Amino acid sequence: MNKDSAARPDGRRRPVNIQALGIVIAAVVIFLGLGLLNPNFLNINNLRDVAVSACVNALIGIGLTFVIVTGGIDLSVGSIASFVGIVSADLMVNAGVSPSQRCWWAWYSASPPE
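Residues numbered from 1 in each chain as written. Predicted model: local features only at pLDDT ≥ 70, side-chain atom pairs only at ≥ 80, totals over all residues. Heavy atoms only, no water.

Q: Can you break down the overall build of the chain residue by residue, with the values?
A: Scanning the chain for helices and strands turns up four helices and two strands. For the chain, the α and β elements follow one another from N to C terminus as β-β-α-α-α-α. Within the chain, the proportion of its 114 residues that are buried is 4%. Across the chain, contacts joining residues at least 24 apart in sequence account for 0% of those joining residues at least 6 apart. When the accessible surface of the chain is summed, it comes to about 9600 Å², and 69% of that surface belongs to carbon and sulfur atoms. (Helix = DSSP H or I, 4+ residues; strand = E, 2+ residues; numbered from the N terminus. Buried < 20%, exposed > 50% of the residue type's maximum accessible area, 1.4 Å probe, protein only. Contact = heavy atoms within 4.5 Å. Areas by Shrake-Rupley, 256 points an atom, 1.4 Å probe, with all protein chains shown as cover.)

Q: How would you explain a nonpolar patch on the surface if you had to name every residue and give the values?
A: On the surface, V16, I18, L21, I25 and V29 cluster together into a nonpolar patch covering about 420 Å² of accessible area. With respect to the helices, strands and loops of the structure, V29 is situated in helix α1 (residues 18-37). (Patch = residues over 30% accessible without salt bridge, like charges linked within 9 Å, V, L, I, M, F, W, Y side chains within 5 Å. Salt bridge = Lys/Arg side-chain N within 4 Å of Asp/Glu carboxyl O.)

Q: I'd like to hear about the pattern of salt bridges, residue by residue, with values.
A: Throughout the structure, instances matching the rule amount to one salt bridge. The partner of D49 in a salt bridge is R48, with the nearest N and O atoms 3.5 Å apart. Overall, D49 belongs to the partly exposed group, its relative accessible area being 38%. On the basis of relative accessibility, which here comes to 46%, the residue R48 falls in the partly exposed class.

Q: Account for the packing of aromatic side chains, naming residues and giving values.
A: Under the definition given, this model contains one aromatic pair. Each ring, one from F31 and one from F41, has its centre 5.5 Å from the other, and the planes form 65°; the classification is edge-to-face. Taken together, the positions of F31 in helix α1 and F41 in the loop between α1 and α2 (44-69) put the pair ten residues apart, joining distant regions of the chain. You can call F31 partly exposed: its relative accessible area is 36%. Taking the relative accessible area as the measure of exposure, F41 reaches 17% and is therefore buried. (Phe/Tyr/Trp six-rings, centres within 6.5 Å; stacked < 30°, edge-to-face > 60°.)

Q: Describe in detail the confidence of the model for the chain, supporting the description with residues and values.
A: Chain-level pLDDT for the chain is 78 on average; 82% of the residues reach the 70-or-more range. Here strand β1 (residues 5-7) stands out as the element of the chain with the lowest mean pLDDT, 54, in contrast to α1, whose mean of 89 is the highest. (pLDDT = per-residue confidence, 0-100.)

What follows is the structure in structure tokens.
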């Protein structure tokens, strides 16, 4: 058995993605390390906040996957997401625009003209 495969019960070999396994192990080590250093890290409210924060990047990643698979490679998503975040934060702080007004304006500006 080589290092890149694992034996199945029926004797066939299945490839193991060492790179993906390393990423998962590193994430678990970081998660457990932060949990040991700060007991509040494993609090339900904090875990919910971490999940909500990661949700934006997950949605962008899922959408970009479909764009790349269909052949329309567009690598400007990160810069556009950052720009939109900066403009939204500036509008909320300096112009008093609420998040609901931002959502309405984004929907209105993205809708096709009649």
